[in-house]
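# A structural walkthrough
If you want the building blocks of each chain, they are given just below.
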Amino acid sequence: MIEPPGDEYFMREALRQALKAGKADEVPVGAVIVRAGKVIARAHNQVELLKDATAHAEMLALTQAEAAVGDWRLIDCDLYVTKEPCAMCAGALVHTRVRRVIFGCADPAAGAAGSVINLLQMPTLNHRCDIAAGVLQDECAGILQSFFRERRNSHNKIDSLEGD
């Protein structure tokens, strides 16, 4: 019998989205939403392209998934995202009642799935998402680290040219 795809399979789909974001000079975060073992939404950060601070991969994927499902409630859907969701995204995930949130690397500065705060499992909210952290953690963190290293290096080169 063929095994259904697991968390690593879907996280690799999210990683492909993160790579698209990085190539577009966006912070390389990617997300996919899965329902009944099938990807129903794919997105990556588009904050710079859309000039919209809310255009995080998770938010864009939620909008696509809502359209695919035909409802704003995503109770039987799972979100795979390469970086721990921020407070804005975590709030939207709770509001849409996503069943499970699977993320790659933690965000110790702004993570809202346990690093700084855990909005996904806040007892006073009307829904709690199950969480799986650290899926393909090294690959997810590596994409972000490379992106920011390149960005720092290019800014340093510009600064040194301006100083000449």
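Above this text you will find the structure in question.
Source: prediction; values computed, not measured.

So, about the sheet that holds strand E2 (residues 38–44). Note: strands within a sheet are paired through backbone hydrogen bonds, in either parallel or antiparallel orientation. The five strands lie next to each other as E2-E1-E3-E4-E5, forming an open sheet whose pairing is mixed. Looking at the sheet topology across the chains shown, the edges are occupied by E2 and strand E5 (130–133). On average, adjacent strands in this sheet sit at an angle of 15° to one another, irrespective of strand direction. Sheet analysis places strand E1 (residues 30–35) next to strand E3 (residues 77–83), joined by five bridges and oriented antiparallel. In the sheet register, Arg35 faces E3, and the bridge partner there is Cys77. Against the sheet, helix H3 (residues 57–69) engages E1, E2 and E3, with an angle of about 145° to E2.

Another point: the packing of H3 against helix H4 (residues 87–95). Helix packing for two helices is described by the angle between their axes and how far apart those axes are. Packing of H3 against H4 brings their axes to within 9 Å, and their N-to-C directions diverge by 25°. Considering the angle they form, H3 stands roughly parallel to H4. For the pair H3 and H4, the sense of crossing is left-handed. Mapping the contact onto sequence places Glu58, Met59 and Leu62 in H3 and Met88, Cys89, Ala92 and Leu93 in H4.

Non-glycine residue Asp25 carries a positive phi angle of around 65°. When you line up the elements, Asp25 lands in the loop between helix H1 (7–23) and E1. Residue Asp25 is classed as partly exposed on the basis of its relative accessible area of 46%. The backbone phi angle of Arg97 is positive, close to 65°, even though this residue is not glycine. As for its position among the elements, Arg97 is in the loop between H4 and strand E4 (100–105).

Criteria and thresholds
Residues numbered from 1 in each chain as written. Predicted model: local features only at pLDDT ≥ 70, side-chain atom pairs only at ≥ 80, totals over all residues. Heavy atoms only, no water. Pairing = 2+ DSSP bridges. Helix = DSSP H or I, 4+ residues; strand = E, 2+ residues; numbered from the N terminus. Axes fitted to C-alpha atoms, helices over the stretch in contact; angles between N-to-C directions. Contact = heavy atoms within 4.5 Å. Parallel < 35°, antiparallel > 145°, perpendicular 65-115°, else oblique. Left-handed = near helix turned anticlockwise from the far one by under 90°. Buried < 20%, exposed > 50% of the residue type's maximum accessible area, 1.4 Å probe, protein only.

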